[in-house]
Amino acid sequence: MVRYENYRENHSHSRHHHHHHRSRDHHRRDGHRSHHSHNRNHYPTYEPVEYSYAESYGEPVECKFPRFPSWERFSSIRYTIIVVSCLFLLVAIASQIVIFFFTIKFVNTDNTGFEPENPNFALFKNSRFEECSTLVPDQANCTAIVDILRNAPYELDKEYLNRGYTPISSQWRSRKGIYYDWCTFASCFNGFKVVPSTPRPSVIGQTNFDLWNSLNMSALPFLLTFVKRNWNVYRGKQDECEGKLKELGIIDSAVLIYSICGPIVWWWVSFIRFAIDPVPNSTVSIFAWTTTWLLASNLHYHPYSCILARRQGLKQFLYWFLPILALVQWCATIYVLNVGWKQLLQNGDISQGYDCVEAMMNDAPGTTKCSAQKLCSDATLLSNMTFYWDFLEQGIVTSSIVIFTLLSIVALQPFVFATWRLFTTSEYSWGEQFQRGDVGPVAGPAFAGLIATLVCGLSATVLIKLSTTVNREAPVVADMECTAVHVGLSTWRYYLDLSIYARALRIAEAWFNA
């Protein structure tokens, strides 16, 4: 049986209680630990805390836990950490529940008249362009809107204008206190030939709703592991530590299975698919590597350390394999950010996202000055243009990059610390210096909790606000010379209102952080 004891002066006494089970080497090792334990009430330590031993199979199994600034029984730091981490966990769980209900809401959107099977879907997609484009346009409004576009903060809008095209890339425009909504702008294309098209699979890329889900699903494993591990320690809970798989428990087992199936195996399948056919708006998660990093860190502590203590071959393999895998996954994620996030970061080129349906051109509404062949070969007209809903929504993308950077610094910190200490002191090996300087077991959950709280608040605000103001607005590109217009897919429900394009797979990938 193991008893989780505080590492205090009675530590050495508890070790001598089992002296008949130990060799002389174990006595020497315990004596060294007892000497250091007397100083813990006066000076903070930066080595992993060894709490207790399990006596089985003839040799003790060490149960290790990450260090903290203080481990006195009545330390206020201890209770502050557990209370705050529990609050963060509750926020993350609540956030995931909100995501679940919004997903159900979006999937069950009333699509009467907007079904993908509808013949008009190739013309107007899931937007209400058909309704708005029949309104009689006010030429003064149309002139004012185009003038606003030329001074818009979006560089891609200016690029479209420079090429001779007029884009609608947001739900409204304003100037001197006068607001022009999307429908008013769409009416400016009354009588234009509507170019029929089908979206390419790459059109349905990463949305802010996906980002929120990915961030939250990355935070949950950190917080669940952290709270479960330290709650047992704080309670002084007794448990067997015999090196058996049953010691993982329900929470650790769930986190382990989720980590292997989603952020590791499934993520690599998604990445390989992306690497073969790169697109500027990839749905590959940029936070999956953090779960691999968490798993690599957890191996050094209870219950994984107890289980692996009697499986030295597997232990050595995993100690090397998982950190290397996390590093390789992080490097692959950098590639995803550079290539697959061009559209989200608004630094990509205009690229075609739709294929023209030339056979429907003659029956499509409106008139044009150009041939069907010319319109169907126009990549700019058929481009996949970014649509902007709200300035707060852009904050989710920016926050994701900041969070990725912070977690990268935390993950790489022990590598730098261990290498620096290796050249400045010879007291410990590189591996020991790595564990002594690794702030990941504490900083990882701390950032994860902060992430879950801040992003949950921002995302919930955006969703609530947009749910009352959006109404099937969509990206539109018009060729003023040819008097032709192309309508793209609306992201008003983050594509979850569309039953086609592997909707179930997209939802599963978001939940499994793949």
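Residues numbered from 1 in each chain as written. Predicted model: local features only at pLDDT ≥ 70, side-chain atom pairs only at ≥ 80, totals over all residues. Heavy atoms only, no water.

J.: I would appreciate a short explanation of the pairing of strand β6 (residues 178–181) in the present structure.
T.: Walk down a regular strand and you will see the side chains alternate between the two sheet faces. Where strand β5 (residues 172–175) lies against β6, four bridges are found, and the strand directions are antiparallel. Paired with W172 across the strands is D181, a residue of β6. The loop that links β5 with its antiparallel partner β6 comprises two residues; one of these, K176, has a positive phi angle of about 50°. (Pairing = 2+ DSSP bridges. Helix = DSSP H or I, 4+ residues; strand = E, 2+ residues; numbered from the N terminus.)

J.: Help me understand the packing of aromatic side chains in this model?
T.: The geometry of an aromatic ring pair is captured by two quantities: the separation of the ring centres and the angle between the planes. Per the counting criterion, the structure on display carries 23 aromatic pairs. Centre to centre, the rings of W268 and F271 are 5.6 Å apart; their planes meet at 85°, and the pair counts as edge-to-face. In this pair, W268 and F271 are both assigned in helix α10 (residues 249–276), three residues apart and thus about one turn of the helix distant. The rings of F102, F106, F209, W212 and Y494 are connected pair by pair, giving a single aromatic cluster. R493 extends its terminal NZ or CZ atom over the ring of W492, reaching a point 4.0 Å from the ring centre. (Phe/Tyr/Trp six-rings, centres within 6.5 Å; stacked < 30°, edge-to-face > 60°. Lys NZ or Arg CZ within 6 Å of the ring centre and 35° of its normal.)

J.: Could you clarify how one ought to interpret helix α18 (residues 503–511) in this entry?
T.: Those residues of α18 that sit buried are R503, R506, E509 and A510. Down the axis of α18, the sector holding all buried residues measures 125°, keeping them to one side. Just past α18, the residue N513 takes up positive phi, approximately 55°. (Buried < 20%, exposed > 50% of the residue type's maximum accessible area, 1.4 Å probe, protein only. Arc of directions from axis to C-beta.)

J.: Just checking my understanding: could you explain the confidence of the model for the protein for this structure?
T.: Any segment with low pLDDT has predicted coordinates that should not be analysed in fine detail. Within the protein, residue pLDDT values average 79, and 78% of them lie at 70 or more. No element of the protein has a lower mean pLDDT than strand β1 (residues 2–3), which averages 37, and none a higher one than strand β12 (residues 484–487), which averages 97. In this model residues 1–58 is a low-confidence stretch, pLDDT under 50, and it forms 113 contacts with partners more than four residues away in sequence or in other chains. (pLDDT = per-residue confidence, 0-100. Contact = heavy atoms within 4.5 Å.)

J.: Please explain helix α3 (residues 76–107) as it appears in this structure.
T.: Two residues of an α-helix separated by three or four positions point the same way, owing to the 3.6 residues in each turn. Over its 32 residues, α3 extends 47 Å from the first C-alpha to the last, a length consistent with the 46 Å expected when each residue adds 1.5 Å. All of the buried residues in α3 are R78, I82, S85, L89, A92, S95, Q96, I99, F102, T103 and F106. (Expected span 1.5 Å × (residues − 1).)

J.: Looking at this structure, I do not really get the state of the cysteines. What am I missing?
T.: A disulfide bridge is the covalent bond that connects two cysteines by way of their sulfur atoms. Going through the model one piece at a time under the given rule, you end up with four disulfides. A disulfide bridge connects C356 with C376, and the sulfur atoms are separated by 2.0 Å. Placement of C356 in strand β10 (residues 354–356) and of C376 in helix α14 (residues 372–376) is noted, with a sequence separation of 20 residues between them. The pair formed by C356 and C376 is uniform in burial state, with each residue classed as buried. Each sulfur in the disulfide pair C370 and C482 lies 1.9 Å from the other. Handedness of the C370-C482 disulfide follows from its S-S torsion of about -75°: it is left-handed. Of this pair, C370 sits in the loop between β10 and α14 while C482 sits in the loop between β11 (476–479) and β12, placing them 112 residues apart in sequence. A relative accessible area of 1% means that C482 is categorised as buried. (Disulfide = S-S within 2.5 Å.)

J.: Looking at this structure, how should I read the nonpolar core?
T.: It is characteristic of soluble globular proteins that their nonpolar side chains tend to be buried jointly. Counting 70 residues, the largest nonpolar core has F129, W182, F189 and F209 as its most contacted members. A total of seven residues in this core trace back to one element, the largest contributor, which is helix α15 (residues 391–424). If we ignore the near neighbours within four places in the chain, the residues touching W182 are R128, F129, C132, I168, S170, Q171, W172, F387, R472, E473, A474 and V476. One finds Y165, V203, M361 and L498 within the second-largest nonpolar core, a separate group that totals 23 residues. (Core = buried A, V, L, I, M, F, W, Y, C linked by side-chain atoms within 4.5 Å.)

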